[in-house]
Amino acid sequence: MAKYANDLVMDAALDKIATGTILTVCSAQPTTRTEAVTTYKLADVVIDSGDFTKANGDTNGRKVTIGQQADIPVDTSGTATHIAICDGSILLLVTTCTSQALTAGNTVTVPAFDDEFADPT
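Residues numbered from 1 in each chain as written. Predicted model: local features only at pLDDT ≥ 70, side-chain atom pairs only at ≥ 80, totals over all residues. Heavy atoms only, no water.

Colleague: Let's hear about the pattern of salt bridges: which residues, and what values?
Modeller: Under the counting rule described, the total for this entry stands at 7 salt bridges. The shortest N-O distance in the salt bridge between Asp15 and Lys54 comes to 2.7 Å. One end of the pair, Asp15, is in helix α1 (residues 7-17); the other, Lys54, is in strand β3 (residues 52-56), with 39 residues separating them in the sequence. The exposure class assigned to Asp15 is partly exposed, which follows from its relative accessible area of 38%. (Salt bridge = Lys/Arg side-chain N within 4 Å of Asp/Glu carboxyl O. Helix = DSSP H or I, 4+ residues; strand = E, 2+ residues; numbered from the N terminus. Buried < 20%, exposed > 50% of the residue type's maximum accessible area, 1.4 Å probe, protein only.)

Colleague: Tell me what's going on with the sheet that holds strand β2 (residues 41-46), and back it up with residues and numbers.
Modeller: Strands belonging to one sheet form pairs held by backbone hydrogen bonds; the direction of such a pair is parallel or antiparallel. Taken together, the 4 strands give an open sheet; going across it, the order is β2-β1-β6-β7, and neighbouring strands pair in antiparallel fashion. Each end of this open sheet is capped by a strand with a single partner; those strands are β2 and β7 (91-102). Strand-to-strand twist of the sheet, defined as the mean angle between neighbouring strand axes without regard to direction, takes the value 20°. Here 8 bridges tie strand β6 (residues 78-86) to β7, and the two strands are oriented antiparallel to one another. Bridge pairing in β7 places Thr79 opposite Ala101. (Pairing = 2+ DSSP bridges. Axes fitted to C-alpha atoms, helices over the stretch in contact; angles between N-to-C directions.)

If you want it as structure tokens, here you go:
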């Protein structure tokens, strides 16, 4: 018997990610919202629903693309290794980024990236 998940099931998870209100550039992998917005945060920017686009996955399934965030002010010097998205109370998503040394007072650009859910196999 084949496995199946309706796109609406995957879209519900993507819709939750798209409730994110802050994107942070972090020096380590956060596991809580506090770590993402305080402990490991090097830079942050406010985001909203217009920064998220749902679509079919690259191979199958569904994905949400988070649009590029340009010229984010760097608050704390350190090496960026992760990007986090949070809402007002929850760490929603963490992904890796190209390791890059950041200097307070400069800016950083986070290119568009996506989070993808594959069809069940």
